[in-house]
Protein chains: 2
Amino acid sequence: MDPQATQPAAAGARLGRPRDASRDTDILEATIEVLAEQGFDGMTIDMVAARAGAGKATVYRRWPSKADLVIDAVACMKKRDLDPAQLPDTGTLRGDLIALVRAPSAADADRKMHVMGGILSLMSREPELARTAYAAILQPRITANRILLERARDRGETRPDIDVDRLAALMPAMASFRTLAQREPITREFLISLIDDVLLPAAGVVRAAV
Amino acid sequence: MDPQATQPAAAGARLGRPRDASRDTDILEATIEVLAEQGFDGMTIDMVAARAGAGKATVYRRWPSKADLVIDAVACMKKRDLDPAQLPDTGTLRGDLIALVRAPSAADADRKMHVMGGILSLMSREPELARTAYAAILQPRITANRILLERARDRGETRPDIDVDRLAALMPAMASFRTLAQREPITREFLISLIDDVLLPAAGVVRAAV
DNA sequence: CGTATACGAAACCGGCGAGTATCGGAAATG
DNA sequence: CATTTCCGATACTCGCCGGTTTCGTATACG
């Protein structure tokens, strides 16, 4: 084994043309797009390759199967995510929540929800995918909400006995329901009315003067 | 056309062995079951026929395609539904809501949610199915909640300015989110905590003495 | 320049499932 | 009993898609 430890050095830098790393990200992004539009079963590898401007062979050289590609693509959504270390801190729960639903974040959340809908029916058959999707799509948002709620509770802004778990899941639940099941768009008005008419009253935050 | 208007009479009562109406209901029920377990793409006509104890020909004699069968099966879920004329009326909003989440109703709702999850990725490509599914699965529950909320508001039990639309969708949204996305079971404790810790506080109902 | 690998494109293979056809038997009419 | 249609079972066709291979070309190393 390892007949020539001459030039190839420690690891990598093998012979021949090196892989183009830009194909990886293009393929993963194309996978997310097609997944959001068509769902897992409606998505074909040819669609992904065409969208990425790549050949099928280039896809299969990197991922052994369609399922592996999708799991990897979903997992990669987690990276460009909201960092819990730099959550908004405006001094009020309402200010923090409003800051969290600003436009670019909302558009990203919308695509994530469609991806979630596209793989829903698979999740019972693919536990690994289910866990990956939850960690990449839902977990970060719910965790952020939980941190904001606990902060507000600890400074006495909410009732002390609020059910943090339920309230942290409230906005993602209502938003996904509206997008996927009711098929109505998520508007800023919708999100703000959710905050002001449902979440804050449920947390016992006294309504500020209009 | 119509060469022999002799015996066949006005309509129906044609020649030969008549259709067995029990096969229709068996096939529709089997369709719902397989749909809830496998999703639309995972479901095959052979699965449905086998589950119903029928042959494929018997299925295709009644429905021209898989899509038509599924649309019909989903639409039929609406029938055995909660009748808005006989909603609970216990005198308090909390009593009405608790009565609405009793066990048999909850089990039915759980299966409906799984059906919803199984057809989610299709709904963008099949608008008719999307409308049918909404009318059969979500609409009745939301409408019931809306009626109970308006009744409570009109007798002064809630704040007068509650957002009925948002609050009526709250329980279905949180329940479907927990079932489909978080993949955790819907327990009676969960539903009651939803009522007591989220919905009633958001509606401004004063908490009764423990 | 020779070798080895990556690339996009396209041909190819194999399995699966929607939909059709056939068969032997059962149930209705006449 | 003859006819017609239904029934469950099964064999069949056919298109699609996951996955593999081939081909001509491009890009690295030595």
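Residues numbered from 1 in each chain as written. Chains lettered and ligands numbered in written order. Predicted model: local features only at pLDDT ≥ 70, side-chain atom pairs only at ≥ 80, totals over all residues.

Caption draft 1: Representation of the relation of the copies chain B and chain A in the model. The transform that puts chain B on chain A rotates by 180° and translates by 0.0 Å along the axis, for an RMSD of 0.1 Å. Taken together, the turn and the small shift mark the pair as related by a two-fold rotation axis. Residues of chain B ranked by C-alpha distance from the rotation axis are headed by B:Ala202, positioned 2.1 Å from it. Mapped onto chain A, 97% of the interface residues of chain B again fall at the interface, so both copies present the same surface. (Least-squares fit on C-alpha atoms with pLDDT ≥ 70 in both. Contact = placed C-beta atoms within 7 Å.)

Caption draft 2: Spatial organisation of the interface of chain B and chain A. With 31 residues of chain B in contact, the opposing surface of chain A contributes 30 residues. For the side of chain B that touches chain A, the secondary-structure elements that each account for two or more residues are helix H1 (21-42), helix H6 (103-119), helix H7 (127-154), helix H8 (164-181) and helix H9 (188-203) of chain B. Here the element with the most residues in the side of chain B that touches chain A is H8(B); it accounts for eleven residues. Looking at the side of chain B that touches chain A residue by residue, the class counts come to 18 nonpolar, eight polar and five charged. (Helix = DSSP H or I, 4+ residues; strand = E, 2+ residues; numbered from the N terminus. Nonpolar A, V, L, I, M, F, W, Y, C, P; charged D, E, K, R; others polar.)

Caption draft 3: Summary view of the nonpolar core. Judged by nonpolar contacts, the single largest core of 115 residues is most densely connected at A:Leu35, A:Leu170, A:Met174, A:Leu199, B:Leu170, B:Met174 and B:Leu199. Look past the residues within four positions of A:Leu170 in its chain and what remains in contact with it is A:Val198, A:Leu199, B:Met174 and B:Val198. (Core = buried A, V, L, I, M, F, W, Y, C linked by C-beta atoms within 7 Å. Buried ≥ 20, exposed ≤ 12 C-beta atoms within 10 Å, placed from the backbone.)

Caption draft 4: A look at the environment of A:Leu93. Residue and element names in this part refer to chain A. Counting through the fold element by element, Leu93 comes out in helix H5 (residues 93-100). Sequence separation between Leu93 and Gln139 is 46 residues; the distance between their C-alpha atoms is 20 Å. What Leu93 contacts, discounting residues up to four positions off in sequence, is Leu148, Ala152, Glu157, Thr158, Leu200 and Val205.

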